[in-house]
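Each chain, letter by letter, is given below.
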Amino acid sequence: MSVLAPRPRTASGRAILEVDLAAVTANVRTIKSRTAGEVMAVVKANGFGHGQVDVARAALAGGATRFGVTSIDEALSLRAAGLTERVLSWLNPVGADFATALDQHIELGVPGLEHLRAIARSAPGARIHLQLDTGMGRDGAEPAEWERLCREAREAERCGQVHVVGIMGHLPCADHPGHPANAAGRDRFAWGSRVARSAGLRPADHHLAATAATLSDPLAHHTMSRIGAGLVGIDESGTVRLRPALTLTAPLVSVRSVPAGTPVGYGHTWTTPRPTRLGLIPVGYADGLPRLASHRAEVWVRGARRPVVGRISMDMTVVDLGLDPLAPPVTVDDIVTVFGPGDHGEPTTAEWARWAQTLEHEIVTGLSARPLRRSAP
């Protein structure tokens, strides 16, 4: 027999996105217990869709000591909220406002010579982290450029133009523990650190591991780990049970009985194989539900999973409620849990990611501002 979850609160028929900040704090504590180094809370992309400032504060409560973001603007949002902890911004164009970053005590990632020179010129005295490409072919200096970058950074440091406080890299396959690319990335990072030291640099911070590597690869641990997805309960390595922090609910706005052979939704991609009841919830791809999950996804209604049928539309999704006489009656205004932590049997964001053939990261960061957001009680 199904166990009914506590009935979520509703608000004038709107979808509600509830953020469990206690889960964020607990996740940081769990991750921190796996490493001797500091934990940098990476709160980019609006705190992985959970609210940047709230997630940042919850992470501090769990033992994080500083923050990481991509852009300077994201870092400035933390400062505007009164957060004074160290913050690193590592993805900026060469023409970014490095002077404002310096004024607001924002540390900067340096992926190459152009960035080093621009920062030395426009923000003398900035604290920087040199980025080495450790196998991503993406961000960071190429190995062929690394020695020169370290030499120029040391010279700029002697002149008081920068302070090299960190060296950073990123592993390409940390979600697959044991993948040979991770060993290669660790070796390249160790080489990069030796080169930096030979150039006369003595940065205190060395950080290579993000969430998956922190939880599954102790050899990737250095003085600090950058934790982003793990803050909100995502561990791609599958090694540790973290707690998802989001619950999305919406009320049924209509319930109708239909005969067999009733086509549903755009394109008539699904037709009722039997008489049934169809429920309509006011969320769709404009709210962040992936359209690719149509015909695969499920939601939680009155203590049972019910399939999503027809195509997910911009503003609405249809659910097959069935005609089981033994099931609890479903009526208009009943609350549907689209996803949650899974405690009561409801789908999770990990399942939605699987149904949409994507990453859980894309589900949580792709949610729009339309649902009413609030913190869990």
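Residues numbered from 1 in each chain as written. Predicted model: local features only at pLDDT ≥ 70, side-chain atom pairs only at ≥ 80, totals over all residues. Heavy atoms only, no water.

Re the overall build of the protein chain
When you go through the protein chain residue by residue, the secondary structure sums to eleven helices and 19 strands. Across its three principal axes, the protein chain shows a C-alpha extent of roughly 80 × 40 × 40 Å. In the protein chain, which comprises 377 residues, the share counted as buried stands at 52%. The long-range fraction of contacts in the protein chain, counting pairs at least 24 apart against all pairs at least 6 apart in sequence, stands at 66%. Of the roughly 16200 Å² of accessible surface on the protein chain, a fraction of 53% belongs to carbon and sulfur atoms. Treating the 40 positive side-chain charges of the protein chain as one cloud and the 37 negative ones as another, the clouds have centres 2 Å apart. (Helix = DSSP H or I, 4+ residues; strand = E, 2+ residues; numbered from the N terminus. Buried < 20%, exposed > 50% of the residue type's maximum accessible area, 1.4 Å probe, protein only. Contact = heavy atoms within 4.5 Å. Areas by Shrake-Rupley, 256 points an atom, 1.4 Å probe, with all protein chains shown as cover. Lys, Arg positive; Asp, Glu negative; His and termini not counted. Charge placed at Lys NZ, Arg CZ, Asp CG, Glu CD.)

Some remarks on helix H1 (residues 21–32)
Its twelve residues place the ends of H1 17 Å apart at the C-alpha level, agreeing with the 16 Å of an ideal helix rising 1.5 Å per residue. The set of residues buried in H1 consists of Ala-23, Val-24, Thr-25, Asn-27, Val-28 and Ile-31. N-capping of H1 is provided by Asp-20, with a side-chain oxygen placed 3.2 Å from the backbone N of Ala-22. (Expected span 1.5 Å × (residues − 1). Polar contact = N/O pair within 3.5 Å; in protein donor to acceptor, adjacent residues only side chain to side chain.)

What to know about the sheet that holds strand S14 (residues 276–281)
Ordered by their spatial adjacency, nine strands build an open sheet running S11-S14-S17-S16-S15-S18-S10-S1-S19, and the pairing between neighbours is mixed. Only two strands of the sheet have a single partner each, and these edge strands are strand S11 (254–258) and strand S19 (372–375). Between one strand and the next, the sheet's axes are offset by a mean angle of 35 degrees, whatever the strand orientation. Where strand S15 (residues 298–301) lies against strand S18 (residues 335–339), two bridges are found, and the strand directions are antiparallel. If you follow Val-301 over to S18, its bridge partner there is Val-336. (Pairing = 2+ DSSP bridges. Axes fitted to C-alpha atoms, helices over the stretch in contact; angles between N-to-C directions.)

Overview of the confidence of the model for the protein chain
With 97% of its residues at a pLDDT of 70 or more, the protein chain shows a mean pLDDT of 95. A low-confidence stretch, residues 1–11 (pLDDT under 50), is modelled with 29 contacts involving residues beyond four sequence positions or located in other chains. (pLDDT = per-residue confidence, 0-100.)

Section: the packing of helix H7 (residues 143–158) against helix H8 (residues 180–198)
In the contact formed by H7 and H8, the axes pass within 9 Å of each other and the chain directions differ by 25 degrees. With respect to each other, H7 and H8 are oriented roughly parallel. In this structure, H7 crosses over H8, and the sense of that crossing is right-handed. Contacts from Pro-143, Trp-146, Glu-147 and Cys-150 of H7 reach H8 at Arg-188, Trp-191, Gly-192, Val-195 and Ala-196. (Parallel < 35°, antiparallel > 145°, perpendicular 65-115°, else oblique. Left-handed = near helix turned anticlockwise from the far one by under 90°.)

Remarks on helix H6 (residues 113–122)
The set of residues buried in H6 consists of Leu-113, His-115, Leu-116, Ala-118, Ile-119 and Ala-120. In this structure, the buried side of H6 is in contact with helix H5 (98–103), strand S5 (106–110), strand S6 (126–131), H7 and strand S7 (162–168).

Considering the packing of aromatic side chains
Remark: the centre distance and the inter-plane angle together describe each pair of aromatic rings, the angle taken between the planes. Inspection of every chain in the model, using the stated rule, returns one aromatic pair. Between Trp-352 and Trp-355 the ring centres are 5.7 Å apart and the planes differ by 75 degrees, which places this aromatic pair in the edge-to-face class. On the criterion of helical spacing, the pair formed by Trp-352 and Trp-355 is a turn pair, its members being three residues apart in helix H10 (residues 349–355). Like Trp-352, the residue Trp-355 is buried in the burial classification. For the cation-ring pair, Arg-226 lies above Trp-90, with the distance from its terminal atom to the ring centre recorded as 5.9 Å. (Phe/Tyr/Trp six-rings, centres within 6.5 Å; stacked < 30°, edge-to-face > 60°. Lys NZ or Arg CZ within 6 Å of the ring centre and 35° of its normal.)

Some words on the nonpolar core
Formed by 101 residues in total, the largest nonpolar core has its most connected members in Leu-130, Leu-231 and Trp-352. If sequence neighbours within four positions are ignored, Trp-352 has contacts with Leu-289, Pro-290, Ala-293, Ala-297, Glu-298, Val-299, Ile-312, Val-338, Phe-339, Pro-347 and Ile-363. With six residues, the next largest nonpolar core counts Val-264, Trp-270, Val-309 and Val-318 among its residues. (Core = buried A, V, L, I, M, F, W, Y, C linked by side-chain atoms within 4.5 Å.)

Regarding the environment of Val-299
Here Val-299 shows up in strand S15. Linking Val-299 and Cys-173, residues 126 residues apart in sequence, is a C-alpha distance of 32 Å. Not counting the four nearest positions on each side in its chain, Val-299 is found in contact with Ala-304, Arg-305, Arg-306, Val-308, Val-319, Val-336, Thr-337, Val-338, Pro-347 and Trp-352.

Some remarks on the side chain of Asp-235
By the secondary structure assignment, Asp-235 is in the loop between strand S9 (224–227) and strand S10 (246–251). Despite its burial, Asp-235 pairs with no opposite charge, the nearest such side chain being Arg-34 at 7.7 Å. Once you skip the residues sitting within four places of it in the chain, Asp-235 turns out to touch Ala-212, Leu-215, Val-240 and Leu-242. (Salt bridge = Lys/Arg side-chain N within 4 Å of Asp/Glu carboxyl O.)

Regarding unusual backbone geometry
The phi dihedral of Ala-45 falls on the positive side, at around 50 degrees, and the residue is not glycine. Judged by relative accessible area, which is 38%, Ala-45 ranks as partly exposed. Notably, Asp-333 is not glycine yet its phi reads approximately 80 degrees, a positive angle. With respect to the helices and strands, Asp-333 occurs in the loop between strand S17 (317–320) and S18. Residue classification places Asp-333 among the partly exposed residues on the basis of a relative accessible area of 48%.

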